[in-house]
Amino acid sequence: MKITFKFLCLAIVLNLMFVNIGFTQAPPPEEEEFNDLGFIAYANDYKVAPEFDHIIFRIKNQSTLTINKIYAWVYHVSEDEEGNPLILSLVNNPHRGGVITKGNPHRPGDIAEWQFPLFKALTEKKIGNKYTLRISHKAIFFAKVEPPAKPK
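Residues numbered from 1 in each chain as written. Predicted model: local features only at pLDDT ≥ 70, side-chain atom pairs only at ≥ 80, totals over all residues. Heavy atoms only, no water.

### Points about the pattern of salt bridges
Working step 1: Evaluated as defined, the whole model comprises one salt bridge.
Working step 2: Ionic pairing is found between glutamate 113 and lysine 47, a salt bridge with its closest N-O pair at 3.4 Å. With glutamate 113 in strand E8 (residues 111-117) and lysine 47 in strand E2 (residues 40-48), the pair connects residues that are 66 residues apart, well separated along the chain.
Working step 3: On the basis of relative accessibility, which here comes to 11%, the residue glutamate 113 falls in the buried class. (Salt bridge = Lys/Arg side-chain N within 4 Å of Asp/Glu carboxyl O. Helix = DSSP H or I, 4+ residues; strand = E, 2+ residues; numbered from the N terminus. Buried < 20%, exposed > 50% of the residue type's maximum accessible area, 1.4 Å probe, protein only.)

What follows is the structure, encoded as structure tokens:
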């Protein structure tokens, strides 16, 4: 019994000596900043088309279903000299949904680019300011049938 106990203790000590106790973790990848809205999150950076007829936002799907359609409000933000928002003006028709341009289908956990049409007459005058996105959870529509799994 004593010999078995000694061998067991020796095996544990040798095992602890040769096993790497501290696991090194790779640094997390630098992620762009997303504004969390529940089912989705959108990136702070956006692209306005040169002809001011649409704007493209990068949107992350945080739900468990594939997103089929998004209806959103795009606002132009006028700021004062200190950077405080003064006026929010709606620059799109929220009844016209966005169109997915990159990342179709928009699966759970994926990031896709969504294009939203703008009122050209309103946005041409408002160059150089910021735009923001507002999306209600009721304005996100999911696919009725989930697409097949991604090929590996």
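### Comments concerning the packing of aromatic side chains
Working step 1: Evaluated as defined, the whole model comprises five aromatic pairs.
Working step 2: An angle of 85 degrees between the planes, with centres 5.8 Å apart, marks the rings of phenylalanine 39 and phenylalanine 142 as edge-to-face. Placement of the pair is phenylalanine 39 in the loop between strand E1 (34-36) and E2 and phenylalanine 142 in strand E10 (residues 140-142), with a sequence separation of 103 residues.
Working step 3: When the centroid spacing of 5.7 Å and the interplanar angle of 90 degrees are considered together, the rings of tyrosine 71 and phenylalanine 141 count as edge-to-face. Within this pair, whereas tyrosine 71 is found in the loop between strand E4 (67-70) and strand E5 (73-79), its partner phenylalanine 141 is found in strand E10, the two being separated by 70 residues in sequence.
Working step 4: Taking relative accessible area as the criterion, tyrosine 71 reaches 26% and is therefore assigned partly exposed.
Working step 5: Linked through ring pairs, Tyr42, Tyr46, Phe57 and Tyr131 together constitute an aromatic cluster.
Working step 6: Above the face of the phenylalanine 34 ring, lysine 60 is positioned so that its terminal group lies 4.6 Å from the ring centre. (Phe/Tyr/Trp six-rings, centres within 6.5 Å; stacked < 30°, edge-to-face > 60°. Lys NZ or Arg CZ within 6 Å of the ring centre and 35° of its normal.)

### Here we look at the side chain of asparagine 92
Working step 1: One can find asparagine 92 in the loop between strand E6 (85-90) and strand E7 (99-102).
Working step 2: Engagement of the side chain of asparagine 92 in a polar contact is seen with the backbone nitrogen of valine 74, the distance being 2.9 Å.
Working step 3: Residue contacts for asparagine 92: discarding those within four places in its chain leaves Ala72, Trp73, Val74, Pro117, Leu118 and Phe119. (Polar contact = N/O pair within 3.5 Å; in protein donor to acceptor, adjacent residues only side chain to side chain. Contact = heavy atoms within 4.5 Å.)

### Re the sheet that holds E6
Working step 1: Across the sheet, three strands lie side by side as E6-E5-E9; this open sheet has antiparallel pairing. Only two strands of the sheet have a single partner each, and these edge strands are E6 and strand E9 (130-134). Going across the sheet, the axis of each strand differs from the next one's by a mean of 35 degrees, ignoring polarity.
Working step 2: With five bridges joining them, E5 and E6 adopt antiparallel strand pairing. Bridging from a neighbouring strand, serine 78 pairs with isoleucine 87 of E6. (Pairing = 2+ DSSP bridges. Axes fitted to C-alpha atoms, helices over the stretch in contact; angles between N-to-C directions.)

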